[in-house]
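Observations on the model geometry
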Amino acid sequence: MQYDFDTPIDRTHTWSIKHDFKKENGKADDILPLWVADMDFRSPDSVVEALKKAVDHGIFGYSRADESYFDAVAAWYQKRHHLTLQPEWMTCTPGIVFALSIAVRAFTQEGDAVLIQPPVYHPFSRAILRNKRTLVENPLVLKDGHYEMDLEELEQKVLDEHVKLMILCNPHNPVGRVWTREELTALADICLRHHVYVISDEIHGDFVWQGHEQTPYASISEEACLHSMMCTAPSKTFNLAGMATSNLFIPDPEMRRKFRSELLDVGQENMNRLGLFACRAAYEGGGEWLDQLIGYLAGNLALVRDFCKNRVPQIQLVEPEGTYLAWLDCRELGMTDDELMAFFSNEAKVWLDPGTHSGEQGSGFMRFNLGSSRSVIAQALDQIEAAWKERIMNNSRTVKIKRSEGLHGI
Ligand SMILES: Cc1ncc(COP(=O)(O)O)c(C=O)c1O
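Because the structure is a prediction, the values reported are computed rather than measured.

1. Looking at the domain arrangement of the protein chain
By convention, interface size is frequently given as the accessible area that disappears when the constituent parts associate. By domain assignment, the protein chain separates into domain 1 (23-43 + 288-409) and domain 2 (45-285). Measuring from the centre of the C-alpha atoms in domain 1 to the corresponding centre in domain 2 gives 29 Å. Where domain 1 abuts domain 2, roughly 2,900 Å² becomes buried across the two surfaces, and 57% of that area is made up of carbon and sulfur atoms. Looking at the side of domain 1 facing domain 2, the largest losses of area belong to Ser 43, Glu 321 and Thr 323, adding up to 28% of the total buried there. In this assembly, domain 1 and domain 2 are joined by two salt bridges.

2. Focus on the packing of aromatic side chains
One pass over the structure, following the stated rule, counts 18 aromatic pairs. Ring centres 5.9 Å apart and planes at 90° place the aromatic pair Tyr 121 and Phe 124 in the edge-to-face group. Overall, the relative accessible area of 27% leaves Tyr 121 in the partly exposed class. Centre to centre, the rings of Phe 238 and Trp 289 are 5.9 Å apart; their planes meet at 35°, and the pair counts as tilted. Here the residue Phe 238 occupies a position in the loop between strand 9 (228-232) and strand 10 (246-249), and Trp 289 occupies one in helix 10 (residues 287-311), the gap between them amounting to 51 residues. Trp 289 shares its class with Phe 238; the two are buried.

3. Focus on helix 2 (residues 67-81)
The first and last C-alpha atoms of helix 2 sit 20 Å apart over 15 residues, in line with the 21 Å expected at 1.5 Å per residue. Looking at the residues trailing helix 2, positive phi occurs at His 82, about 55°.

4. Some points on empty space enclosed by the protein
By the definition in use, this model includes three cavities of 30 Å³ or more. Residues belonging to the lining of the largest cavity are distributed by class as follows: eight nonpolar, one polar and no charged.

5. Some remarks on the side chain of Thr 232
In this structure, Thr 232 sits in strand 9. On the basis of relative accessible area, Thr 232 is assigned to the buried category, the value being 0%. If we skip the residues at most four places from it in the chain, Thr 232 touches Tyr 77, Ile 96, Ser 246, Asn 247 and Phe 249.

6. Some words on the sheet that holds strand 9
If you trace the seven strands from one edge of the open sheet to the other, you get 2-10-9-8-7-3-4, paired in mixed fashion. Pairing within the sheet leaves two strands with one partner each, and these edge strands are strand 2 (90-93) and strand 4 (134-137). Pairwise comparison of adjacent strand axes, ignoring direction, gives a mean angle of 20° for this sheet. Two elements, strand 9 and strand 10, share three bridges in a ladder whose sense is antiparallel. Note on strand 10: the bridge partner recorded for Thr 232 is Asn 247. Of the strands in this sheet, strand 2, strand 7 (163-169), strand 8 (197-201), strand 9 and strand 10 touch helix 3 (residues 96-107), which is tilted by about 165° from strand 9. Packing against the sheet, helix 8 (residues 253-265) makes contact with strand 2, strand 8, strand 9 and strand 10, and its axis sits at approximately 25° to strand 2.

7. Brief notes about the sheet that holds strand 11 (residues 316-318)
One open sheet holds the four strands; their spatial order is 11-12-15-14, and the pairing between them is antiparallel. Each edge of the open sheet carries a strand with a single partner, namely strand 11 and strand 14 (353-354). By the bridge criterion, two bridges tie strand 14 to strand 15 (residues 365-369) in an arrangement that is antiparallel. Across the sheet, the residue bridging to Pro 354 is Met 366, located in strand 15.

8. Things to note about the site of the ligand
Neighbouring residues of the ligand: Ala 37, Gly 95, Ile 96, Val 97, Tyr 121, Cys 169, Asn 173, Asp 201, Ile 203, His 204 and Lys 236. Residue Val 97 places a main-chain N or O atom 2.9 Å away from an oxygen atom belonging to the ligand. Contacts to the ligand include Lys 236, whose side-chain N or O atom sits 3.0 Å from an oxygen atom. Relative to its unbound accessible area of 400 Å², the ligand is 89% covered by the protein chains. Given that more than half its atoms are within 2 Å of the pocket grid, the ligand belongs to the largest pocket. Among the residues forming the shell around the ligand, the class breakdown is six nonpolar, three polar and two charged.

9. Let's talk about the side chain of Thr 215
Counting through the fold element by element, Thr 215 comes out in the loop between strand 8 and helix 7 (222-226). The exposure class of Thr 215 is buried, given its relative accessible area of 6%. Ignoring anything within four residues of it in the chain, the contact list for Thr 215 reads Asn 170, Trp 179, Thr 180, Arg 181, Leu 184, Glu 202 and Ile 220.

Criteria and thresholds
- Residues numbered from 1 in each chain as written.
- Predicted model: local features only at pLDDT ≥ 70, side-chain atom pairs only at ≥ 80, totals over all residues.
- Heavy atoms only, no water.
- Domains from an automatic or database assignment.
- Buried area = accessible area lost by both parts, 1.4 Å probe.
- Salt bridge = Lys/Arg side-chain N within 4 Å of Asp/Glu carboxyl O.
- Phe/Tyr/Trp six-rings, centres within 6.5 Å; stacked < 30°, edge-to-face > 60°.
- Buried < 20%, exposed > 50% of the residue type's maximum accessible area, 1.4 Å probe, protein only.
- Helix = DSSP H or I, 4+ residues; strand = E, 2+ residues; numbered from the N terminus.
- Expected span 1.5 Å × (residues − 1).
- 1 Å grid on protein atoms, 1.4 Å probe; cavity = no way out; pocket = protein on both sides within 12 Å on 5 of 7 lines; lining within 4 Å.
- Points joined across faces, edges and corners; volume = space filled by probe spheres on them.
- Nonpolar A, V, L, I, M, F, W, Y, C, P; charged D, E, K, R; others polar.
- Contact = heavy atoms within 4.5 Å.
- Pairing = 2+ DSSP bridges.
- Axes fitted to C-alpha atoms, helices over the stretch in contact; angles between N-to-C directions.
- Near = heavy atom within 4 Å.
- Polar contact = N/O pair within 3.5 Å; in protein donor to acceptor, adjacent residues only side chain to side chain.
- Areas by Shrake-Rupley, 256 points an atom, 1.4 Å probe, with all protein chains shown as cover.
- Sits in = over half its atoms within 2 Å of the grid points.

Here it is in C-alpha cells:
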C-alpha cells in the first residue's frame, strides 16, 4: 500500500503544541510551524486500527505492558538494529524526558558531575541542573561542516570533574550526527576506563539517512551494554509523542533496581493504556510506513539542500546523517540570535527552533523540522527566500537614501 504524505492535514485546534498556542508563544496566526520535533503525518494504519479497537472496547482501566508488548519492541530492535534485548531489562515510562530525570536522580547524588555534548536537546541540561547535579559540557566540534566529539577533551573533563554519568544523544539532535561504531567504541573505552555510566538516548535511531547506519551504544561490547541504559520510544519514529510511552533498557540489575526504586519514589507505576496499544501496533505493523516515510523525507531534505545551495546560500545546511531535523547554519545572514528569530518568525513567517535552545553553542543556527508535507516545506522555503530578498532590497534602499542625504549635506 502507498501511504499519502503529500496531503497536508489540518492540526489546528487539536491541542497540538506545534500548531496551536501561537498567541501564547508570541507568534502570528498565519505562521508556518516547523519547530518542535513532531511530524504532521498520520501514524501507520496498524496504530490507528489498534487504537480504534482499544477505544471501542470502552474500558480504560490501569494497564501495564506484558510479554507480547516486549516481543514487539524486541523484534523491531533485532530486525532493524541487530540488537538482542532481554525482557527483564525493560522498564516503561511515560516519556524519555521524564526517564532522564529519574535516571539522573537514581544514578547520581546531588552535586555529582554529569556530562553532555552541546549543542544538544535542551532537556538534557535541565534534567541535570534541576536535580542539583553539576553540569559538565564537552561541546561538539564543527569542522568543515561536520560535527565531531572531542574525545580528548572529554576524557580530561571526566578526570578533572570526576564525571559519574554521561547523557549521549545517539543519533544527535539537533546536529544530525549518526555516531559511527568507531566513535562509539572510542567513547565507550573512555567511559569504561573511568567508570562513567552512559545513558544513550536513541529516540531518533530509526531515522538514518542512506549511507549511514545506526549503532546502538549497547551493541559496542558486553561491557558497554552493561554500563549503559538505552532510551527508546516509538514517538519520533511513528509520530506518537502525545502517547507518552517510552521503553528503557537497563541491563545491569543493580542500576535497574535503582531506577525502578526512584520511579516508585515519584509515584510512577502504571502506563497509559492507549500508548501501550499504539506502541505494540507500531513496531508490529509500521515498518513499511516508516520505509516509505524516510523516502519521502529524503525528498524534503533534498529541497532544503537545494534551497541552501542555490537560493539563499547565506544559509548553509549542516548535512544530517540522521533525524528528521535540519540544522541550518545562518551565521552568514549577519544577525544576532534575537534578530534571527525575529526574521524567521515575523518576516518569513516560518516558526523554527532557535539554535540557542540547544545551548550557547547553537548561536547563529536554526533547527528546521522536515516532517511536513512537501508543499508546506516548499512554501516555508519560498517565504524565507522572499523575506531575505526583501531585506536585501530594504538594506540597499537605506544605503542609497543615506548616500543621497549625505550628498545634500555637502
Ligand atoms: C533526543 C530526544 N530525547 C527525547 C525526546 C522526547 O522524548 P519524550 O517525548 O519521550 O519525552 C526528544 C524529542 O524531541 C529528543 O529529541
